[in-house]
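Summary of structural features
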Amino acid sequence: MGNDTITVVKLHDILMVAMPSDPGDSTISALQQRVLQMMEKYVVRGFVLDISAVETLDSFFARTVLETAKMVALMGGRMVVSGMRPSVAITATQLGLTLGGTLTALDVDSAIALLDKGRSKR
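Counting 27 residues, the largest nonpolar core has V17, M19, F47 and L49 as its most contacted members. Only β2 (14-18), α1 (25-41), β3 (46-50), α2 (59-74), β4 (78-82) and α3 (86-94) provide two or more residues apiece to this core. With 6 residues, α1 is the single largest residue contributor to this core. I14, V80, A105 and A111 belong to the second largest nonpolar core, which has 6 residues in total.

As a further point, take the pattern of salt bridges. Enumeration according to the criterion identifies 3 salt bridges in this entry. A salt bridge links D116 to R45, with the nearest nitrogen and oxygen atoms 2.7 Å apart. On the criterion of sequence distance, the pair formed by D116 in helix α4 (residues 108-117) and R45 in the loop between α1 and β3 is long-range, its members being 71 residues apart. For E67, the salt bridge identified is with R63, shortest N-O distance 3.9 Å.

What follows is about the sheet that holds β2. In space, the 5 strands of this open sheet follow the order β1-β2-β3-β4-β5, with mixed pairing throughout. In the strand order of this sheet, the two ends are held by β1 (9-11) and β5 (103-105), each with one partner. Going across the sheet, the axis of each strand differs from the next one's by a mean of 25°, ignoring polarity. With 5 bridges joining them, β3 and β4 adopt parallel strand pairing. Bridged to D50 within β4 is S82. Against the sheet, α1 contacts β2 and β3, and its axis sits at roughly 165° relative to β2. Strands in contact with α2 are β3 and β4; relative to β4, the strand with the most contacts, it is inclined by about 150°.

About the cut-offs
- The residue numbers shown here count from 1 along each chain, following its written sequence.
- Totals for whole chains, interfaces and linings use every residue, but because this is a predicted model, local features are given only for residues with pLDDT of at least 70 and side-chain atom pairs only at 80 or more, for both listing and counting.
- Working from all heavy atoms in the structure, the side-chain values ignore hydrogens and water.
- Nonpolar cores are built from buried Ala, Val, Leu, Ile, Met, Phe, Trp, Tyr and Cys residues. Side-chain atoms within 4.5 Å join them into one set.
- Relative accessible area decides the class of each residue, using a 1.4 Å probe on protein chains only: under 20% of the type maximum gives buried, over 50% gives exposed, and in between gives partly exposed.
- Helix and strand assignments follow DSSP, with helices taken as H or I runs no shorter than four residues and strands as E runs no shorter than two, numbered in order from the N terminus.
- Salt bridge, as applied in this entry: a Lys or Arg side-chain nitrogen positioned within 4 Å of an Asp or Glu carboxyl oxygen.
- When DSSP finds at least two bridges between two strands, those strands are taken to pair.
- Only the stretch in contact is used when a helix axis is fitted, and all axes are lines through C-alpha atoms; the angle between N-to-C directions ranges over 0 to 180 degrees.
- In this analysis, two residues are considered to be in contact whenever any of their non-hydrogen atoms come within 4.5 Å of each other.

Next up, the structure:
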């Protein structure tokens, strides 16, 4: 958990991050910083956050994801959270955690398709 290294991959005009299975608070914080740095450095239309490996979603993680989505929007992009496991969705709902209006998709392919769908609106 002490590893706060986040790798942001740029694929054409989309940024992507695959979160580790048990991200610590420092990893979650590093996510926000790295994504915003990459948004500033490159012209991108969106960001896909793949959480398919994540086993638990706590309130800090949910809040950071929501804040990051808002920041990405302020910088002209759209964010999609992909790969939420059913068990994570159930637990998050039971705890009252919400991602607000953040776009979600079942997998990375669906997330990219969602960003493609919104391309003409920009």
